[in-house]
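Geometric and topological summary
Below are the chains, spelled out letter by letter.
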Amino acid sequence: MKLVKHIANLGYGSRKQVQGMFREGRITDAEGEVLYADDKVEHAVIRIDGEPLDPPPGLTLMLHKPAGYTCSTKDIGRLIYDLLPDRFRDRDPVLSSVGRLDRDTSGLLLMTDDGQLLHRIVSPRSKLDKVYEAHLAEDLRGDEAARFASGELLLESDDKPLLPAELEVLGPRHARLTLHEGRYHQVRRMFAAVGNHVQTLHRCKVGGLELGDLGEGRWRQLDAGDLATLFGETD
Ligand code: URA
């Protein structure tokens with residue numbers, strides 16, 4: 001791919017703007033030698049204003065989403081893209097979230113520009129569990145774990161019962177829930193179905209991948225090892 005298109009696709013500007021950056025000598029190699037638009041160089045050696053380029057296509061990252069941010073490219077209010085470098089909104093291929101978390105849910109959110117990987121992650125065949133922690137408005141009654149594990153719980157406006165899910169009680173109003181599927185507002189609707197109300201919801205784990213020490217609002221790029229962990233391919 002031509003350098004101008006490659007750099008424009010990373011969100012640095014329109015092709016015209018990137019051509020202007022070449023003309024101004026802002027695009028160099030690692031030694032500071034000015035590059036020209038028709039040079040043939042590897043992504044890794046390119047610098048813009050002395051800075052390495054953003055990751056090439058094939059970017060996958062995890063974001064510690066705070067509550068209050070919407071998983072959308074355009075919406076009113078705060079968006080998950082506000083937490084990433086500005087350029088990430090304008091990448092081609094598009095960087096999108098893998099599924100969604102509700103605006104009021106915090107925790108682990110995956111984002112990728114790799115369509116095949118996205119489909120693999122969300123595919124039921126990959127069997128990637130999702131683990132949530134919920135703080136509840138009411139004390140747990142004691143029958144919730146059995147109801148959630150039954151495989152018979154039918155949520156309002158669904159026509160199929162939920163797959164069995166595991167509930168671990170962490171306190172009178174605090175629980176961890178492991179899901180093996182992903183339906184719309186699933187955790188909130190499950191607790192509503194047993195007469196409770198979710199006050200705060202946090203996703204701690206997807207497949208084998210956990211947030212670790214990634215602070216709220218922070219993100220990090222995932223590498224092949226992280227993806228192996230995600231899919232449970234590590235020993
Ligand atoms: N279940 C919910 O209710 N909300 C989320 O954001 C994720 C799972």
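Residues numbered from 1 in each chain as written. Predicted model: local features only at pLDDT ≥ 70, side-chain atom pairs only at ≥ 80, totals over all residues. Heavy atoms only, no water.

1. Some thoughts on the domain arrangement of the protein
Note the following rule: For the domains described, the bounds stem from an automatic or database domain assignment.
Split into domains, the protein comes out as domain 1 (3-52), domain 2 (60-124 + 209-230) and domain 3 (129-206). If you average the C-alpha positions of domain 1 and of domain 3, the two centres end up 50 Å apart.

2. Observations regarding the packing of aromatic side chains
What counts is decided by this rule: Centres within 6.5 Å are what make two rings of Phe, Tyr or Trp a pair, Trp counting through its six-membered ring; a difference in plane orientation under 30 degrees is then read as stacked, over 60 as edge-to-face, and the rest as tilted. Numbering goes from the N terminus for both helices and strands, where a helix is a DSSP run of H or I of at least four residues and a strand is a run of E of at least two. Three labels apply to residues, based on accessible area from a 1.4 Å probe with only protein chains included: buried if under 20% of the type maximum, exposed if over 50%, partly exposed otherwise in between. Should the NZ of a Lys or the CZ of an Arg lie within 6 Å of a ring centre and within 35 degrees of the ring normal, that charge is described as sitting over the ring.
A full pass over the atoms with the stated rule returns two aromatic pairs. On the numbers, 5.4 Å between centres and 65° between planes, the contact of F88 with W219 is edge-to-face. Here the residue F88 occupies a position in the loop between β4 (60-65) and β5 (96-97), and W219 occupies one in strand β12 (residues 219-221), the gap between them amounting to 131 residues. A centroid spacing of 5.3 Å and a plane angle of 85° characterise the contact between F148 and F191, whose relative ring orientation is edge-to-face. One end of the pair, F148, is in helix α4 (residues 144-149); the other, F191, is in helix α5 (residues 186-193), with 43 residues separating them in the sequence. Considered together, F148 and F191 belong to a single accessibility category, that of buried residues. Here the guanidinium or amino end of R78 rests over the ring plane of Y69, the centre of that ring lying 5.0 Å away. For the cation-ring pair, R120 lies above F231, with the distance from its terminal atom to the ring centre recorded as 3.5 Å.

3. Notes on the site of the ligand
How we decide: Any residue with a heavy atom positioned within 4 Å of a molecule or strand is treated as near that molecule or strand. Contacts described as polar in this section are N or O atom pairs within 3.5 Å, which, within protein, must combine one atom able to donate a hydrogen with one able to accept it, while residues neighboring in sequence count only if both atoms come from side chains. To be clear on the numbers: accessible area is Shrake-Rupley with a 1.4 Å probe, and residue cover counts the displayed protein chains and nothing else. When residue character is reported, Ala, Val, Leu, Ile, Met, Phe, Trp, Tyr, Cys and Pro are called nonpolar, Asp, Glu, Lys and Arg charged, and the others, Gly included, polar.
Near the ligand the following residues occur: L101, D102, T105, Y132, H185, Q186, V187, R188 and L201. Residue D102 places a side-chain N or O atom 2.7 Å away from a nitrogen atom belonging to the ligand. Measuring from an oxygen atom of the ligand, one finds a side-chain N or O atom of T105 at 2.9 Å. Contact with the protein chains hides 95% of the accessible area of the ligand, taken as 240 Å² for the molecule alone. Among the residues making up the shell around the ligand, the classes are represented as four nonpolar, three polar and two charged. When we break the shell around the ligand down by domain, the ones giving at least three residues each are domain 2 (60-124 + 209-230) and domain 3 (129-206).

4. Some details on the environment of C204
For the record, the criterion: Here, residues are in contact when the closest pair of their heavy atoms is within 4.5 Å.
With respect to the helices and strands, C204 occurs in strand β10 (residues 198-206). A residue is classified by how much of its surface remains accessible, and C204, at 16% relative accessible area, is buried. Each C-alpha atom, one on C204 and one on G215, is 12 Å from the other, the two residues being eleven residues apart in sequence. Setting aside residues no more than four positions away along its own chain, C204 makes contact with L108, V131, Y132, E133, L209, E210 and L211.

5. Some thoughts on α5
Of all the positions in α5, only Q186, V187, R189, M190 and F191 are classed as buried. Residues of α5 that are buried sit in contact with β7 (130-136), α4, β8 (166-171), β9 (174-179) and β10. Directly beyond the C-terminal end of α5, a positive phi value near 75° is found at G195.

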